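Examination of the molecular architecture
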Amino acid sequence: MPELPEVETVKRGLTPAMEGTRITKLELRRGDLRFPFPDAFADRVSGRTIVSLGRRAKYLLVDLDDGNTLISHLGMSGSFRIEEGRIEEGRIEEGAVSAAPGEFHHVRSKDEKHDHVVFHLEGASGPRRVVYNDPRRFGFMDMVGRADLAAHPFFRDLGPEPTGNELGAAYLAERFRDKAQPLKSALLDQKNIAGLGNIYVCEALWRAHLSPIRAASTLVTAGGRPKAQLDLLVASIRDVIADAIAAGGSSLRDHIQTDGSLGYFQHSFSVYDRESQACRTPGCGGTVARIVQAGRSTFYCATCQK
Ligand SMILES: [Zn+2]
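Since this is a predicted model, take the numbers as computed values, not measurements.

**Observations regarding the sheet that holds strand β3 (residues 59–64)**
Sheet architecture is open: four strands sit in the order β2-β3-β4-β11, paired in antiparallel fashion. Edge positions in the open sheet fall to β2 (50–56) and β11 (140–145), since each of these has one partner strand only. Within the sheet, the average angular offset between the axes of one strand and its neighbour, ignoring direction, is 20°. Bridge count between strand β4 (residues 68–73) and β11: six bridges; the pairing is antiparallel. Considered in β11, the bridge of His73 is made with Phe140. Across the sheet, helix α1 (residues 4–18) touches β2 and β3, and the angle it forms with β2 is around 175°.

Below, the structure is given as structure tokens:
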């Protein structure tokens, strides 16, 4: 599943191809993804100019010149690819450039039968297409007036971005002070922090040397102030997300298993998916363990994460 850094990478990859272009046609090749498309979706989007691209949590936001924002979520297997070159009768001519933004991450299908949405764009450098492909169709798209975005059910309960200035130790101390729930669960709660997923919670806790099973409230003083450990955790969250964005996603690369099913190939995580391997904390000597919390795998080192 694409996590926040992947979505940010996709946004950065799509921005130069989409921003400022006119959507000559939005082509929907089916009536729904995970959910039905909004009413008259193609008609409302076709003819509009794309003002800018943004991201909130794991949602891509495409701002249109009529004040609406198109919302796109990649689900489990959604991806975009950019096609440009000479387009004739709807086909991209041989030799045309095709690029999928984000050299990383969850599996991308190359199979055109999973191309469900096509943005036909007209920009300064000519026509191009941005194609949304999603074999499992857990992704979805919606549209909302920009002024109503914050109140939309997807967004209204979301906490601050993990890399935003709003996320500070004092804020989390307020959220965690009475929470007996495990620290990992508190960090996965999107009301506390938006867009932080399983992989990066494990990585941030490892960096901060904090156990995923300790109560969230143990990082807060009796007076409600953040302990130094909470300051360190906030810094670790920022760093782990920033590093992943810089690396172009979570270092998950496209990988299709030999039987053709979708799988994940991953490397370079410090603790995630490293069960029974040596902890990478210098001088620790511990071993990474896997436990299950709330149905999700947690990877951590009981020797250096307290
Ligand atoms: Zn360790």
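Additional details are given in the paragraphs that follow.
**What to know about the coordination of the zinc ion**
Protein coordination at the zinc ion comes from Cys279 (SG), Cys284 (SG), Cys301 (SG) and Cys304 (SG), with a distance range of 2.2 to 2.3 Å. For the zinc ion, the four donor atoms are set out with angles of 102 to 115° between them, so the coordination reads as tetrahedral. Between consecutive donors of the zinc ion, the numbers of intervening residues give the motif C-x4-C-x16-C-x2-C. Of the two residues, Cys279 is situated in the loop between β13 (265–266) and β14 (288–293) and Cys304 in the segment after β15 (296–301); the sequence distance between them amounts to 25 residues. Accessibility expressed as a relative area gives 9% for Cys279, which makes it buried.

**Here we look at the pairing of β15**
Relative to β15, β14 runs antiparallel, the two being bridged by six bridges. By the bridge assignment for β15, Arg290 is matched with Phe299. Linking two consecutive strands that pair antiparallel, namely β14 and β15, is a turn of two residues; a positive phi of about 50° is found at Ala294 within it.

**Considerations on the UniProt feature "active site" (unreviewed entry) in the chain**
In the UniProt entry, the feature "active site" (unreviewed entry) is given for Pro2, Glu3, Lys58 and Arg296. Residues in contact with Glu3, not counting those within four places in the same chain, are Lys58, Leu196, Gly197, Asn198, Ile199 and Tyr200. Tracing the sequence through the fold places Arg296 in strand β15. A relative accessible area of 38% places Arg296 in the partly exposed class. When near neighbours in sequence (up to four residues on either side) are disregarded, Arg296 contacts Lys184, Asn198 and Ile291.

**Comments concerning the UniProt feature "binding site: DNA" (unreviewed entry) in the chain**
UniProt records the feature "binding site: DNA" (unreviewed entry) at His114, Arg136 and Lys179, using the numbering of this structure. The topology assignment puts Arg136 in the loop between β10 (126–133) and β11. Residue classification places Arg136 among the partly exposed residues on the basis of a relative accessible area of 46%. Take Lys179: it is sitting in the loop between α3 (169–176) and α4 (183–188). Look at Lys179 and you get partly exposed, because its relative accessible area is 25%.

**Let's talk about the environment of Tyr59**
Position of Tyr59 among the secondary structure elements: in strand β3. Relative accessible area serves as the criterion here: at 12%, Tyr59 is assigned to the buried category. In contact with Tyr59, not counting residues within four places along its chain, are Val7, Gly54, Ile71, Ser72, His73, Phe140, Phe154 and Phe155.

**Observations concerning the nonpolar core**
Nonpolar side chains in soluble globular proteins generally cluster together in the buried interior. Judged by nonpolar contacts, the single largest core of 40 residues is most densely connected at Phe176, Leu183, Leu187, Tyr200, Leu230, Leu233 and Ile237. Of all the elements in the fold, those that place two or more residues in this core are α3, α4, α5 (198–207), α6 (228–246) and β15. Per-element accounting of this core gives the leading share, eight residues, to α6. Grouped together as the second largest cluster of nonpolar side chains are 27 residues, Met18, Leu53, Met141 and Met143 included.

**Some remarks on the pattern of salt bridges**
The final tally for this structure, using the stated rule, is 16 salt bridges. Note that Glu8 is salt-bridged to Lys11, the shortest N-O span being 3.3 Å. Separated by three residues within a single helix, Glu8 and Lys11 lie in helix α1, roughly one turn from each other. Arg56 is the partner of Glu161 in a salt bridge, and the nearest nitrogen-oxygen pair spans 3.0 Å. Taken as a pair, Glu161 in the loop between β11 and α3 and Arg56 in strand β2 lie far apart in primary sequence, 105 residues in all. By sharing partners, the salt bridges in this structure join Glu8, Lys11, Arg12, Arg55, Arg56 and Glu161 into a single network.

Conventions adopted
Residues numbered from 1 in each chain as written. Predicted model: local features only at pLDDT ≥ 70, side-chain atom pairs only at ≥ 80, totals over all residues. Heavy atoms only, no water. Pairing = 2+ DSSP bridges. Helix = DSSP H or I, 4+ residues; strand = E, 2+ residues; numbered from the N terminus. Axes fitted to C-alpha atoms, helices over the stretch in contact; angles between N-to-C directions. Contact = heavy atoms within 4.5 Å. Donors = N, O, S within 2.8 Å, 3.2 Å for Na, K, Ca; no water. Tetrahedral: all angles 85-135°; square planar, octahedral: opposite > 155°, others 65-115°. Buried < 20%, exposed > 50% of the residue type's maximum accessible area, 1.4 Å probe, protein only. UniProt positions renumbered as here; feature names shortened; annotations may be inferred. Core = buried A, V, L, I, M, F, W, Y, C linked by side-chain atoms within 4.5 Å. Salt bridge = Lys/Arg side-chain N within 4 Å of Asp/Glu carboxyl O.

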